[in-house]
Amino acid sequence: MLAGTGSDVGKSVLAAGLCRIFLQDGYHPAPFKAQNMALNSFATPEGLEIGRAQAVQAEAAGIPCHTDMNPLLLKPSSDHTSQVVLNGKPIGNRNAYDYFRKEGREELRAEVNAAFDRLSQRFNPIVMEGAGSISEINLADTDLVNMPMARYADADVILVADIDRGGVFASAYGSIMLQKPEDKHRIKGIIVNKFRGDIRLFESGVRMMEEICGVPVLGVIPYFKDIHIEEEDSLSLDYKKLQAAKGKVNVAVVLLRHISNFTDFDRLEMDDRVHLFYTNNTDELQKADVIIIPGSKSTLDDLYELRRNGVAQAILRAHRNGATVLGICGGYQIMGREVLDPDGVEGSISRLPGLGLLPTRTTMSGEKVTRQVDFTFGDCATVCQGYEIHMGETELLDGAASLCRIQGDGHADGCFISQRCMGTYIHGILDNSAFVDYLLEPYADKLQHVELDYQAYKEEQYNKLADHLRQHLNMDLLYRILGA
């Protein structure tokens, strides 16, 4: 288990890297995180929902993702409430106080333990990931994902500490010293992550940390910017609020308060024709050639905010001036004429007018659609891949045309007005070169392009990450720990 001194210390990326290393070394690894809290999710081949981070780690391990890799997913819908997804299916919304009470925790614990048991019978080793900090002693009795899970799995624990944020000695030492005696001995090593500068300057620090913590330092991992692994949460988006650039197609992703599945744009960001940035600045939206309204965990709340802060009007003004507008999932719903929530699925807002760019009406419902899909769009014969994760049904009005046709059952998806105005429920649509080419076609006269094989690109990134970790981790010691 990779456990953390805090959130965002790099556990997810390190887990992906170790999955790839173990695969390269001839093992059959799989990732596992008992409980994940994230708005980025993914549909498994069975049409069930898990955290996107575990899907990425499974890809690094060279295997299809499965709900046993992330049996419990919390999708925040407000500061105090989350949708609870158990074994890939939503079981309702819970506020934080009720969720973290002791009542009912043992039933959830039995579910995540059973998922681990099933997974460990099929794969070896299991690369487990903790959540947040392992030293939140006030939550120890109800914890499902950190040391109690390590105890159940009899896992060796490697503590990950982020030196970039400062206080690395105190956070590592405190995280170990606050453990119960039966848990403290499970911590077999420390990884110091996100180091900047000359690593030789920390050699004495390594010796000091080993002395005060009583466990070996397995490695000091330098901070990297040239390896691109999908991020787990939206903290990284703060670094992508960039202004428009000249000589490329400027693509603005509207920065919603409840943005979900922002990994939809990772492949587009790698395209050499594109300058992609996230913004809710009304002036920056006017500089965009393409505006994408992304998915949202709370469509009505985000639509209300877009109207309140002037972004809705800015999108309409940019479209009138020639900008392309594309909506994905919640963004597709926002682009319609109205969004209805008569049963209060999302909250207290029962109806809001949409942007009116698409002749559609969306009605929220408690039934969630989760599935992987193959589809075609427009006149393009290329079969593309993506996945759906959404609540609500969208009705096309006035004989409007659909954008995509799903293979297999042949049902229609999305709404198409023109090449500069369209929406879809399909996440991952921008991972397909054919659709990206179509989206950027109006700007082709000023661009040159080298085709990007995104799957090959991701494989290259996993291998680069594995090489980076091998260079800075004591893999011999890690294997000795696992072998013992």
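The structure displayed is predicted, hence computed values, not measured ones.

What counts as what
Residues numbered from 1 in each chain as written. Predicted model: local features only at pLDDT ≥ 70, side-chain atom pairs only at ≥ 80, totals over all residues. Heavy atoms only, no water. Buried < 20%, exposed > 50% of the residue type's maximum accessible area, 1.4 Å probe, protein only. Helix = DSSP H or I, 4+ residues; strand = E, 2+ residues; numbered from the N terminus. Pairing = 2+ DSSP bridges. Right-handed = clockwise from strand over helix to strand, strands pointing away. Axes fitted to C-alpha atoms, helices over the stretch in contact; angles between N-to-C directions. Parallel < 35°, antiparallel > 145°, perpendicular 65-115°, else oblique. Left-handed = near helix turned anticlockwise from the far one by under 90°. Contact = heavy atoms within 4.5 Å. Nonpolar A, V, L, I, M, F, W, Y, C, P; charged D, E, K, R; others polar. Disulfide = S-S within 2.5 Å. Core = buried A, V, L, I, M, F, W, Y, C linked by side-chain atoms within 4.5 Å. Arc of directions from axis to C-beta.

A. Summary view of the pairing of strand 11 (residues 187-195). In terms of burial, strand 11 is a largely internal element, 8 of the 9 residues being buried. Sheet topology places strand 11 next to strand 12 (residues 217-222); 4 bridges connect them, and they run parallel. Pairing of Ile 190 across the sheet is with Val 217, part of strand 12. Since strand 11 and strand 12 lie parallel, the crossover through helix 8 (residues 203-213) that links them has a hand, and here it is right-handed.

B. Local environment of the packing of helix 6 (residues 168-177) against helix 8. Two elements in contact, helix 6 and helix 8, have axes whose closest approach is 10 Å; the angle formed by their N-to-C orientations is 25 degrees. As judged from the angle between their axes, helix 6 and helix 8 are roughly parallel. Taken as a pair, helix 6 and helix 8 cross one another with a handedness that is right-handed. Contact residues: Val 168, Phe 169, Ala 172, Tyr 173 and Ile 176 in helix 6; Gly 205, Met 208, Met 209, Ile 212 and Cys 213 in helix 8. Among the residues making up the contact of helix 6 with helix 8, the classes are represented as 9 nonpolar, 1 polar and no charged.

C. Region of the structure containing the state of the cysteines. Tallied over the full model, the rule gives 0 disulfides. Among the cysteines around Cys 421, which has no disulfide bond, Cys 415 carries the closest sulfur, lying 7.5 Å off. Residue classification places Cys 421 among the buried positions, given a relative accessible area of 2%.

D. Seen up close, the nonpolar core. Membership of the largest hydrophobic core comes to 84 residues, with the highest contact counts inside it found for Phe 32, Met 128, Ile 190 and Val 192. If one sorts the elements of this core by residue count, helix 1 (residues 11-24) sits on top with 8 residues. Residue contacts for Ile 190: discarding those within four places in its chain leaves Ile 158, Leu 159, Ala 172, Ile 176, Met 209, Cys 213, Val 215, Pro 216, Val 217, Leu 218 and Gly 219. Membership of the second largest hydrophobic core comes to 65 residues, among which are Leu 303, Ile 328, Cys 329 and Ile 334.

E. Layout of helix 8. For helix 8, the full list of buried residues reads Gly 205, Val 206, Met 209 and Cys 213. Here the buried residues of helix 8 occupy an arc of 105 degrees about the axis, which is enough to place them on one side. Across helix 8 from its buried face, at more than 90 degrees, point the exposed residues Arg 207 and Glu 211. Close packing links the buried residues of helix 8 with helix 6, strand 11 and strand 12. Just downstream of helix 8 lies Gly 214, where phi reads positive at about 80 degrees.

F. Highlighting unusual backbone geometry. Pro 125 follows Asn 124 through a cis peptide bond whose omega is 0 degrees. Inspection of the secondary structure assignment puts Pro 125 in the loop between helix 4 (105-120) and strand 9 (126-128). Even without a glycine there, the phi angle at Asn 87 is positive, about 50 degrees. Tracing the chain through its elements places Asn 87 in the loop between strand 7 (81-86) and strand 8 (89-95).

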